[in-house]
Amino acid sequence: MTTQTAPITETYQGQFGEFTITKDDRFGVIVYRAGLAIAALCFAIATALVLFNDNPNLQLLTFLYAGFSLALGVSLLSIHIYMVELHRALQIFWVIGSISAIVFAFSNSQTLAQTVYNYPLTILGIGFTFAALTGIYFKEAFCFNRLETKVLTPIVPLLLLGHMTGILPIEVEKGLLAVWAVFFLIFAIRKVVQAIPPDIGDKSVFEYLKGQRLKVNNS
């Protein structure tokens, strides 16, 4: 005869009352962090191939970008953000960027990396994915005061806009790309060892905001 045990829950005092953190909450955070880790690893490998190889495998770069983008999408599904509108906006940015990448990857005989590099205005499409990633960096910098995300938040738009407008020398672009890859890895590693509850946040705030939206919708 087996004995079934109830899922372990933890009770916390939030701003608007008590709330519990469940096994599902913890699993969501693990998924969020796993997505970030995979995205950071794919990005770091691709960056190393570009910076330390005169003739990188361009098809491999496409697969690495696909892995990066899919992992980022998973993280955006499971991230905890109090403002629903902001959460949805980041997800929409990711969708726009992903569709753009697919179009660019199959629109001509060049690989995705060649297309983006040779036609900088493609960043107006694919850049939405990185805008979503920057949103995560900003959220983490605001919530946890992390140095690496404070550095990453301005670096990403600076590099992308600099390449799109052609104002950055190639050596500067390489330097910014290297810093991005290193700090992204540091960020992902530190998330792995961080306590889980802070990533879940104050669930009483989520419930309060949900109630406020229902009041507005029913009024």
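Preceding block: the structure.
Residues numbered from 1 in each chain as written. Predicted model: local features only at pLDDT ≥ 70, side-chain atom pairs only at ≥ 80, totals over all residues. Heavy atoms only, no water.

Looking at this structure, I do not really get the overall build of the protein chain. What am I missing?
Per the secondary structure count, the protein chain includes 9 helices and 2 strands. Helices and strands appear in the protein chain in the N-to-C order β-β-α-α-α-α-α-α-α-α-α. In the protein chain, which comprises 219 residues, the share counted as buried stands at 41%. Restricting the contact set of the protein chain to residue pairs at least 6 apart, pairs at least 24 apart contribute 71%. When the accessible surface of the protein chain is totalled, it reaches about 12,500 Å², and 69% of it is carbon and sulfur. (Helix = DSSP H or I, 4+ residues; strand = E, 2+ residues; numbered from the N terminus. Buried < 20%, exposed > 50% of the residue type's maximum accessible area, 1.4 Å probe, protein only. Contact = heavy atoms within 4.5 Å. Areas by Shrake-Rupley, 256 points an atom, 1.4 Å probe, with all protein chains shown as cover.)

Teacher, can you tell me more about the environment of Ser78 here?
With respect to the secondary-structure elements, Ser78 resides in helix α2 (residues 58–78). Considering only alpha carbons, one finds Ser78 and Tyr32, 46 residues apart in sequence, at a separation of 5.4 Å. If sequence neighbours within four positions are ignored, Ser78 has contacts with Gly28, Val31 and Tyr32. One polar contact links the side chain of Ser78 to the main-chain amide nitrogen of Tyr32, over a distance of 3.3 Å. (Polar contact = N/O pair within 3.5 Å; in protein donor to acceptor, adjacent residues only side chain to side chain.)

All we've got here are geometric facts, nothing functional implied.
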